[in-house]
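Below are the chains, spelled out letter by letter.
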Amino acid sequence: MINLAPAIAQIELLLAQNTDASLTYAALECRLAIEGICYERLRIAHDYISHDDLKRWQPRDVVNTLIQEVDSGIAKTFTLSISKEPLQDSSTPPTKEEYQAIEFLPVGKQIGFDPNKFGKLWNALAKVALHITIPVSKDHDVNRYGNKDKIRAKVVEALEEIKRIGEGTLLSTGVGEEVSFECVCGAKNKRRLELLKDLQEISCIRPECSESFTFTKGDKAFNRRVFDVSCKKCGKHREIPIRTLEKLRVDQSINFGCGGCGAKIIICWRPAQLQ
Ligand SMILES: [Zn+2]
Ligand SMILES: [Zn+2]
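Residues numbered from 1 in each chain as written. Chains lettered and ligands numbered in written order. Predicted model: local features only at pLDDT ≥ 70, side-chain atom pairs only at ≥ 80, totals over all residues. Heavy atoms only, no water.

## Thoughts on the overall build of the chain
Secondary structure assignment for the chain yields seven helices and eleven strands. In summary, the chain has a C-alpha radius of gyration of 26 Å against a globular reference of 19 Å for 275 residues, an excess of more than 25%. Taken along the three principal axes of its C-alpha coordinates, the chain extends 75 × 75 × 30 Å. Per-residue burial for the chain yields a buried fraction of 39% across its 275 residues. Restricting to contacts in the chain with at least 6 residues of sequence separation, those with at least 24 account for 56%. Placing the 40 positive and 37 negative side-chain charges of the chain at their respective mean positions leaves the two points 6 Å apart. (Helix = DSSP H or I, 4+ residues; strand = E, 2+ residues; numbered from the N terminus. Rg over C-alpha atoms; globule rule 2.2 N^0.38 Å. Buried < 20%, exposed > 50% of the residue type's maximum accessible area, 1.4 Å probe, protein only. Contact = heavy atoms within 4.5 Å. Lys, Arg positive; Asp, Glu negative; His and termini not counted. Charge placed at Lys NZ, Arg CZ, Asp CG, Glu CD.)

Here it is as C-alpha cells:
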C-alpha cells in the first residue's frame, strides 16, 4: 500500500514555512498525493481491468471506472474481519444469531472517499496555486504566485482528506462471484460477474497483448474479437486480433506472410468507395 506519511510530513512543513513559494509547492504535493491515492486503487485492480479499457486518466475518472467495472465498493470505508475459528462445514448457512456469536478478529480497514469531491479538490488546487490569473485588462497585474490565503485554505482542506485516507490499513478489490478465462497470450483475466454487461468488450490485462473479447451474459462466455483473413492464393485462414486493426491510423498498414503458401498479405485501414 502507498505510504502517505512522507507526503503528509512534507505538506505540513511547507504549510509551516507559509511563504508564497512553499504554499505553491504544498499544493503540488497535495495533487501528487491525490493522484497516488487514486492510482494505487487502480494498481491493485489491474488483475480485473486492462489499462486499455480506461478511457480517461484523471484521478476521479479512474476511480469512477473502477467502481463501475471492478468493485462498486472500491472507494468505500469498511473493516474486514475474519472468524477466529474456522466455520463448521454444514449444508445450511449459519443464522444471524450464530454469526453474531462468532468471535471475529479485524484484518484491516479500507478508508473510502468520494471520487467526485476528490476530483474537484484536485482541480481546485491547480486553479488557485499552479496557474496565475490571466489579466483581463491593462490594469490587472501579472503576479508570480496565486492568492496566498486561497492556496493555504485549499492545501489545508486537501491535507485533512489525505491524512484521513492515510489511516487506512487495507485496500480491497471486493468480493463477489468472479468469472475468468485465459487469453491466448496465457494471461489469466478475471472479472466481477455482477459488473459485466452483456456484449461488453474487454481488453486483455497484459499491456503488450492486443487481444480483446466480447462477453455474452447468457452463457458467461468471453469470445475472442478477431478479423478473419483468407489468403487469395491458397485460401488459408488466419485470425488477427481486431484491436491490432483498431489501433491503425488511416492508410497505415500491417503485413505478414501467409502460413500456407508464404505470399505477402497486406492489410490497410482506408476509406473505400462503393457504388
Ligand atoms: Zn492476452
Ligand atoms: Zn497462402
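Having seen it, we continue.
## Overview of helix H3 (residues 59-69)
Of the positions making up H3, those classed as buried are Pro 59, Asp 61, Val 62, Val 63, Thr 65, Leu 66 and Glu 69. In this structure, the buried side of H3 is in contact with helix H2 (20-45), helix H5 (115-130) and strand E4 (188-192).

## Structural notes on the pattern of salt bridges
A complete count under the given rule lists 18 salt bridges for this structure. The closest approach of N and O atoms between Lys 163 and Glu 12, which form a salt bridge, is 2.7 Å. You can see Lys 163 sitting in helix H6 (residues 148-166) and its partner Glu 12 sitting in helix H1 (residues 5-17), a full 151 residues away along the chain. Classification of Lys 163 as partly exposed rests on a relative accessible area of 36%. Looking at Glu 12, the relative accessible area reads 34%, which means it is partly exposed. Here Arg 191 and Asp 53 are joined by a salt bridge, their closest N and O atoms 3.5 Å apart. (Salt bridge = Lys/Arg side-chain N within 4 Å of Asp/Glu carboxyl O.)

## Examining the nonpolar core
Of all hydrophobic cores here, the largest spans 39 residues; its most connected members are Ile 11, Leu 66, Val 155 and Ile 162. Secondary-structure elements contributing two or more residues to this core are H1, H2, H3, H5 and H6. Apart from residues no more than four positions distant in its own chain, Val 155 is found in contact with Ile 11, Leu 15, Leu 23, Ala 26, Ala 27, Cys 30 and Leu 125. Listed in part, the twelve residues of the second largest apolar core include Ala 187, Leu 193, Cys 204 and Cys 209. (Core = buried A, V, L, I, M, F, W, Y, C linked by side-chain atoms within 4.5 Å.)

## Comments concerning the confidence of the model for the chain
Summing up the model confidence of the chain, the mean pLDDT is 92 and the portion of residues at 70 or higher is 100%. Looking at the elements of the chain, mean pLDDT is at its lowest for helix H4 (residues 96-101), recorded as 84, and at its highest for H1, recorded as 97. (pLDDT = per-residue confidence, 0-100.)

## A word on the packing of H3 against H5
Packing of H3 against H5 brings their axes to within 8 Å, and their N-to-C directions diverge by 170°. On the basis of their axis angle, the class for H3 and H5 is roughly antiparallel. Packed against H3, whose contacting residues are Pro 59, Arg 60, Val 63, Asn 64 and Ile 67, the element H5 presents Pro 115, Asn 116, Gly 119, Trp 122 and Asn 123 at the interface. (Axes fitted to C-alpha atoms, helices over the stretch in contact; angles between N-to-C directions. Parallel < 35°, antiparallel > 145°, perpendicular 65-115°, else oblique.)

## Examining the coordination of the zinc ion (ligand 1)
Within the protein, Cys 183 (SG), Cys 185 (SG), Cys 204 (SG) and Cys 209 (SG) serve as the donor atoms for the zinc ion (ligand 1), at 2.3 Å. One way to put it: the four donor atoms around the zinc ion (ligand 1) meet at angles of 107 to 113°, and that makes the site tetrahedral. For the zinc ion (ligand 1), the single-chain donor residues occur in sequence as C-x1-C-x18-C-x4-C. Like Cys 209, Cys 204 is buried. (Donors = N, O, S within 2.8 Å, 3.2 Å for Na, K, Ca; no water. Tetrahedral: all angles 85-135°; square planar, octahedral: opposite > 155°, others 65-115°.)

## Observations regarding the coordination of the zinc ion (ligand 2)
Distances from the zinc ion (ligand 2) to its protein donors, Cys 231 (SG), Cys 234 (SG), Cys 258 (SG) and Cys 261 (SG), fall within 2.3 to 2.4 Å. Metal-centred angles of 104 to 115° between the four donor atoms at the zinc ion (ligand 2) mark the site as tetrahedral. Counting gaps between the donor residues of the zinc ion (ligand 2) yields the pattern C-x2-C-x23-C-x2-C. Residue classification places Cys 258 among the buried positions, given a relative accessible area of 9%.

## Brief notes about a nonpolar patch on the surface
Among the surface-exposed residues, Tyr 25, Leu 28, Leu 32 and Leu 130 lie close enough to one another that they form a single nonpolar patch of about 330 Å² accessible area. If one sorts the elements of the nonpolar patch by residue count, H2 sits on top with three residues. Following the sequence through the fold, Leu 130 ends up in helix H5. In this structure Leu 130 comes out as partly exposed when scored by relative accessible area, which is 32%. (Patch = residues over 30% accessible without salt bridge, like charges linked within 9 Å, V, L, I, M, F, W, Y side chains within 5 Å. Areas by Shrake-Rupley, 256 points an atom, 1.4 Å probe, with all protein chains shown as cover.)

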